[in-house]
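Here's the letter readout for the chains.
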Amino acid sequence: MRTLEYVRVGEPAQAVAELAADPAAAFLAGGTTQLDLMKIGTVTARRLVDITRLPLRDVTFDGGDLRVGALVTMERLAREPVVAQRLPVLRDALLAGASVQLRNAATIGGNLLQRTRCPYFRDVATACNKRDPGAGCAALEGVHRNHAILGTSPHCIATHPSDLAVALVALDAVVRLLGPDGPRTVPLTGFYLPPDDTPRLETVLRHGDLVTGVDIPLPAQGTRSGYLKVRDRASYDFALASAAVVADPGRTRVALGGVATVPWRARRAEAVLREAPEAFVAAAGAELADAEPRRDNGYKVELARRTLIRALSTWAAP
Amino acid sequence: MIPAGTAVGRSVVRPDLAAKLSGAAVYGADLPVAGVLHVKLLRSVVAHARIAAVDPAAALEVPGVVAVVTAADLVDLDATWGHYVRDRPIFADGVVRFAGEIVAAVAAETEEAAAAAVTTIEVEYDELPALLDVAAAAAPGAARVHDRAPRPGFACPPGTELGMDNAFYHHGLQHERVAEVDEAGAVVVQHEYIFPAVYQYAMEPHVVVASWEPDGISVHSSCQHPFLVRQELATVFGLPLERVRVRVPFVGGGFGSKSYTKMEPVAVAVARAVGRPVRLVNRVEDAMVTTRRHGMRCRMRTAVRPDGRFVSRQAWIWMDTGAYADNGPTVTMVAGMAAVGPYRWDRVDIDAACVYTHLPPSGSYRGFGAAHLQWVGESQVDEVAALLGIDRLELRLRNLLDRGETLIPGQRPLDADLAGDLREVAKRLDWGGALPAWRGRGISVGVSPAGVSARSAARVELRPDGRVMVLVGSQEIGQGARTVHAQIAAEVLGLGMERVVVLPTDTDHTPYDRSTGASRSTTVAGLAVQRASERLRTALLAAAAEHGGVPVDELTLRDGRISTGKRSWDIAELAAAGPIGADGDASELTGAGPALFWEVCVAGAEVSVDPETGLVEVPRVVTVADVGRAVNPSLVERQDEGCTLQVIGNAFFEEMRFSEDGVLLNDSLLDYRVPTLTDVPAEMICVIVENGDGPGPFGAKGCGEGVFGGLTAALVSAVTDAGVPVRELPMSPDRVWRWIQQTTSDTAPG
């Protein structure tokens, strides 16, 4: 029978030490994804380090940044008055991201680290380079209607599933980490790694690194922002395409979800908008110009283009 | 509208409501069973293979494991089952024919031990080519899924022809009113259509508790047809019927997924091997490979005279029943009937084939046949209407059959006012009014054979405590059967609902009932309850006449009291010396073929299509519950609303996706999309039509399935009306978007 060790820790440093000492250990926070993946055999941790007692549950306002502890739940953050008032893009993404039951359990740190919904990643009987490097990718010729068209590689086309991360990438959020060598920070735009030829490596995290929080720079007063999620079903479903728009005065930031291997900061669209703030169609076209659809996900190119145009028309129009 | 009685015609609160809402209701997984072992199943990971070896050694080492059971433990039995075709081994016997087929079972002291052990069983498969496409499987020269001649099961109608090909069963309908060929000027529409494999999703997956005892088999099962399960188990395990006892606890939904036999044979086989009671609880991923709705391919042709008179319809239908027949032949027969449509044709020529493939088995699912085919036929009617420039409603009204006309030769004549039903829908859809671009309306009419068998009996007993017990074998699966049966008994016996109790089924005590399906619980089992209640009433009045020394015709029975002028007694006094009971049945119901009545499938819908995303929204649906008499109007409305939501799922979201190797990929409720409350149409109008024309109690006939045929077709019709022709379900946003692109490019100039 599979055995599992469980340990509960009270201090972040202790959590990091526990993990660093055991290559087969993993953190456990809300558990809404981790336990599911362990049951189906995709994640094979033998030791769970329960971090839910760590003092990482505060939401504070510090000068220009909203500082969010890694263990703050999705529901709690969505209901923060400052989020509702100043960060509608974040609120929308949180509320669209999961049912209320899940939002009450799932944490911000865990959400950023959630794993792809690619069925081949989750089915241990099939080939998946992310789960088993070198095994091949069954999605390339398999069922890939909801796979990525941006940031793909010949080794992996799995879509990053998070809504929250898309909003945070557009907001230039910064991840706070504590690792065996001490604390550090990483901009979220540099946090996720495209699959390239190492799909197993999804982030810059090293074993033992603990996400302790996220710092979100508040946009200027009067900034309009929002998150548009398009999906097969009106709730309890992942995005087929989504767009986060943060229209600060004089500068529009954009990110796409549901179409890319990582939360996708749309730099090309932003470049077009810097020159021509209302060239929404051109901006969307530029972002999708190099999209690489496969047999069954070509619709996403047009869907993403139109989703982005609609989001820009809603929040970035003068 | 018929005036309400004391109980019938009233929306009384369901007696099982409090138990279900409070959590007091005991379901199969909750049953306390002393010494029970937990069973986990090892299922094949490949679609078609020879089993070279099964090695359970590692599993037997797991602490708590009592036994690993395989086909090798059943060699003293003819361990195959199947009510229609006896084609299914309890455990794969040398060959697996679909990914998900049961290869072995682990019985252990804890569920965890069973789950851990089952993954350690080593199976060596020699893979074989798999037939996953119904057309390829039906093609001449295709390899056979089964190499032996099909053996009729115990419920196979005598005289049924079962062939050796993968297309092992055909239902043909050929009739001619006018023996000619289609005239030269006829408008002809012909296309191919696809319906995907979908899953019933009852909230509670299958649960069986089984024990093998010296005096026979005892089973508690979440099943819809306990008497047929009893018969199947008796057949497979070689016991007389009276040595098999099936009891049914609360059931968390069925929709056909728990019809006939499902998990009972394997649970009993394990109990027999270990000599202890066992509990087998399916999870969703198990249930999805246990039964599903048939995927379908169809080619249909409709010819209509230029003046709008219907001439001929032809259809070739292939129903993918998977690796084992289950109820496939019945589904295929009903699909063939649904392809005809309730119209006055000169000529009809239908061939519906039930086809084996190497996919999980398919069986009954609410509204089967009508759900598959009504939209196909009705979309051809719409297309003809457009070609002839005749309004869609008008074209239907001109060609619809009237009450009493023959629908299918040899079957019950049409027993409903379909034109009246259609007009009810049209009125509520503002038929003919202008709509903005990308909005559409649809309307559809059909019927489906229902009732299936008159074999239902009931016993109604007055107990010494003054309560009346109703014993009837129709299962409460959420549809409200117990409520309706209590209302019928209360009405006949002049009792308050609080004094009537409908007992759960125990095949040792409950009178025979064929099945809970085909919308028969109110009509057929309900008639048995009515007749038994009437006999009990007569018996009570006779007993009271003797008790009081007064003639029977001077007595009245109301509110549980028998009165004669000035004196009255509570009926409880009559039973002081012991229960008084009476039996009744539904044998007076007659009808050739499966239709004891035709369930009406009439509905309408309004949709709005987002041309940029392909997303379809449904602001309004109208369903017609042409029920003869609504015993409980609120339950009728809930049936239509529940079915509406299931139709929304089948029409827009749901689709079982199989890999190229035949493995189900979306076997979780996150990846397999059933609708949620946010997908409910903004407006759901249920029109209850009470013409008193049903053969059941008080003129009732069944409901709850017709919406599947009617509304699926109405939604297709509405999306087409909005500008997007549909030949394949589900109408998922990506498909709709693609169809919009194709339509636009097809019609682009140059």
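Residues numbered from 1 in each chain as written. Chains lettered and ligands numbered in written order. Predicted model: local features only at pLDDT ≥ 70, side-chain atom pairs only at ≥ 80, totals over all residues. Heavy atoms only, no water.

(A) Region of the structure containing the overall build of chain A. Helix and strand content of chain A: 12 helices and 12 strands. For a compact globule of 318 residues, the expected C-alpha radius of gyration is about 20 Å, and chain A comes in at 19 Å, within 12% of that figure. For the C-alpha atoms alone, the extent of chain A along its principal axes is close to 60 × 50 × 35 Å. Within chain A, buried positions represent 56% of all 318 residues. Counting contacts in chain A only where the partners sit at least 6 residues apart, residues at least 24 apart contribute 63% of the total. Summing over all exposed atoms, chain A offers an accessible surface of approximately 12,800 Å²; the carbon and sulfur share of this is 53%. (Helix = DSSP H or I, 4+ residues; strand = E, 2+ residues; numbered from the N terminus. Rg over C-alpha atoms; globule rule 2.2 N^0.38 Å. Buried < 20%, exposed > 50% of the residue type's maximum accessible area, 1.4 Å probe, protein only. Contact = heavy atoms within 4.5 Å. Areas by Shrake-Rupley, 256 points an atom, 1.4 Å probe, with all protein chains shown as cover.)

(B) View of the sheet that holds strand 25 (residues 567-570) of chain B. All names here are of chain B. Spatial ordering of the open sheet is given by 23-24-25, a layout of three strands whose pairing is antiparallel. Either end of the sheet is taken by a strand with one partner, and the two such strands are strand 23 (556-558) and strand 25. When the angles between neighbouring strand axes are averaged without regard to direction, this sheet yields 25°. Bridge count for strand 23 against strand 24 (residues 561-564) is three bridges, and the pairing is antiparallel. When the bridges of strand 24 are listed, Leu 557 appears paired with Ile 562. Its contacts with the sheet place helix 13 (residues 521-548) against strand 23, strand 24 and strand 25, and it is angled at close to 125° to strand 25. (Pairing = 2+ DSSP bridges. Axes fitted to C-alpha atoms, helices over the stretch in contact; angles between N-to-C directions.)

(C) Expanded view of the interface of chain A and chain B. The interface is formed by 22 residues belonging to chain A together with 29 residues belonging to chain B. Both faces considered, chain A and chain B share a buried interface measuring about 2,300 Å² in area, 57% of it formed by carbon and sulfur atoms. Counting across the chain A and chain B interface gives five salt bridges. For Arg 145 of chain A, the salt bridge is made with Asp 734 of chain B, and the minimal N-O distance between the two is 2.6 Å. For the interface between chain A and chain B, the tally reads seven residue pairs in polar contact (both at pLDDT 80 or more). Listed by contribution, the elements that provide at least two residues to the side of chain A that touches chain B are helix 8 (119-122) and helix 12 (299-315) of chain A. Top contributing element to the side of chain A that touches chain B by residue count: helix 12 of chain A, with five residues. Within the side of chain A that touches chain B, the residues separate by chemical class into 10 nonpolar, one polar and 11 charged. (Buried area = accessible area lost by both parts, 1.4 Å probe. Salt bridge = Lys/Arg side-chain N within 4 Å of Asp/Glu carboxyl O. Polar contact = N/O pair within 3.5 Å; in protein donor to acceptor, adjacent residues only side chain to side chain. Nonpolar A, V, L, I, M, F, W, Y, C, P; charged D, E, K, R; others polar.)

(D) Quick peek at the sheet that holds strand 6 (residues 95-96) of chain B. Residues and elements named next belong to chain B. With antiparallel pairing, the three strands of this open sheet are ordered in space as 6-2-8. What marks the edges here is a single partner per strand, and that holds for strand 6 and strand 8 (122-127). As paired elements, strand 2 (residues 49-55) and strand 6 share two bridges and run antiparallel to each other. Across the sheet, residue Arg 50 finds its bridge partner in strand 6, namely Val 95.

(E) Examining the packing of helix 9 (residues 370-388) of chain B against helix 10 (residues 392-399) of chain B more closely. Residue and element names in this part refer to chain B. One way to put it is that helix 9 packs onto helix 10 with a least axis distance of 9 Å and a crossing angle of 110°. Taken together, the axis directions place helix 9 and helix 10 in an arrangement best described as roughly perpendicular. Between helix 9 and helix 10 lies a crossing whose hand is right-handed. Across from Glu 378, Val 381, Asp 382, Val 384 and Ala 385 in helix 9, the residues of helix 10 making contact are Arg 392, Leu 395 and Arg 396. Here the residues of the contact of helix 9 with helix 10 are counted per class, giving four nonpolar, no polar and four charged. (Parallel < 35°, antiparallel > 145°, perpendicular 65-115°, else oblique. Left-handed = near helix turned anticlockwise from the far one by under 90°.)

(F) Local environment of the packing of aromatic side chains. Residue and element names in this part refer to chain B. Here the structure, examined in full by the defined rule, presents 14 aromatic pairs over all chains. Their ring planes at 45° and their centres at 5.8 Å tell us that Tyr 27 and Phe 250 sit as a pair that is tilted. In this pair, Tyr 27 sits in the loop between helix 1 (17-22) and strand 1 (37-43) while Phe 250 sits in the loop between strand 13 (244-247) and helix 6 (264-274), placing the two residues 223 residues apart along the sequence. The class of Phe 250 is buried, set by a relative accessible area of 17%. Centre to centre, the rings of Tyr 84 and Tyr 169 are 6.1 Å apart; their planes meet at 75°, and the pair counts as edge-to-face. Placement of the pair is Tyr 84 in the loop between strand 4 (80-81) and strand 5 (88-89) and Tyr 169 in strand 9 (residues 167-176), with a sequence separation of 85 residues. Each member of the pair Tyr 84 and Tyr 169 is classed as buried. (Phe/Tyr/Trp six-rings, centres within 6.5 Å; stacked < 30°, edge-to-face > 60°.)

(G) Structural context of the side chain of Thr 261 of chain A. Residues and elements named next belong to chain A. Position of Thr 261 relative to the elements: it lies in the loop between strand 11 (251-257) and strand 12 (264-265). Among the residues examined, Thr 261 registers a relative accessible area of 10% and is labelled buried. Here Gly 151 takes part through its backbone oxygen, which lies 2.7 Å from a polar atom of the side chain of Thr 261. When sequence neighbours within four positions are dropped, the list of residues in contact with Thr 261 reads Ala 148, Leu 150, Gly 151, Thr 152, Cys 156, Ile 157, Ala 158, His 160, Pro 194 and Pro 195.

(H) Spatial organisation of the domain arrangement of chain B. All names here are of chain B. Along its sequence, chain B is carved into domain 1 (17-26 + 455-585), domain 2 (34-130 + 210-280) and domain 3 (295-451 + 593-747). Distance from the C-alpha centre of domain 1 to the C-alpha centre of domain 3: 38 Å. Each side of the interface is counted separately: domain 1 has 18 residues, and domain 3 has 18 residues. Interface area for domain 1 against domain 3, summed over the two sides, is near 1,300 Å², with a carbon-plus-sulfur share of 63%. One can count zero salt bridges joining domain 1 with domain 3. Where domain 1 packs against domain 3, one counts nine residue pairs in polar contact (both at pLDDT 80 or more). Those elements that provide at least two residues to the side of domain 1 that touches domain 3 are helix 12 (481-493) and helix 13. (Domains from an automatic or database assignment.)

(I) Region of the structure containing the pairing of strand 4 (residues 59-62) of chain A. All names here are of chain A. Where strand 4 and strand 5 (residues 65-69) come together, four bridges link them in antiparallel fashion. Residue Phe 61 lies in a different strand from strand 5, and its bridge partner there is Leu 66. Linking strand 4 back to strand 5 in an antiparallel pair, the connection comprises two residues, with Gly 63 at a positive phi of about 60°.

(J) Examining the packing of helix 10 of chain B against helix 11 (residues 418-428) of chain B more closely. Residue and element names in this part refer to chain B. Following both chains from N to C, one finds helix 10 and helix 11 inclined at 170°, their axes separated by 10 Å at the closest point. Classified by the interaxial angle, the pair formed by helix 10 and helix 11 is roughly antiparallel. Judged by residue contacts, Leu 393, Arg 396 and Leu 397 of helix 10 engage Ala 419, Leu 422, Arg 423 and Ala 426 from helix 11. Of the residues assigned to the contact of helix 10 with helix 11, the class counts are five nonpolar, no polar and two charged.

(K) The nonpolar core, seen in detail. Among the nonpolar cores identified, the biggest contains 124 residues, and Ile 317, Leu 373, Phe 652, Leu 715 and Met 731 of chain B are the most heavily contacted of them. The dominant element in this core, judged by the number of residues it contributes, is helix 15 (residues 706-721) of chain B, at nine residues. Two domains share this core, each providing at least three of its residues, namely domain 2 (34-130 + 210-280) and domain 3 (295-451 + 593-747) of chain B. Residues within four places of Phe 652 of chain B in sequence aside, it is in contact with Val 616, Val 618, Leu 715, Val 719, Pro 730, Met 731 and Ser 732 of chain B. Membership of the second largest hydrophobic core comes to 42 residues, among which are Met 74, Leu 94, Ala 98 and Tyr 192 of chain A. (Core = buried A, V, L, I, M, F, W, Y, C linked by side-chain atoms within 4.5 Å.)

(L) Main features of empty space enclosed by the protein. By the definition in use, this model includes 14 cavities of 30 Å³ or more. For the largest cavity, the calculated volume is near 390 Å³. Considering the residues around the largest cavity, the lining is formed by 25 residues, among which Arg 117, Pro 119 and Asn 146 of chain A together with Asp 671 and Arg 673 of chain B are closest to the centre. A per-class count over the lining of the largest cavity returns eight nonpolar, 11 polar and six charged. (1 Å grid on protein atoms, 1.4 Å probe; cavity = no way out; pocket = protein on both sides within 12 Å on 5 of 7 lines; lining within 4 Å. Points joined across faces, edges and corners; volume = space filled by probe spheres on them.)

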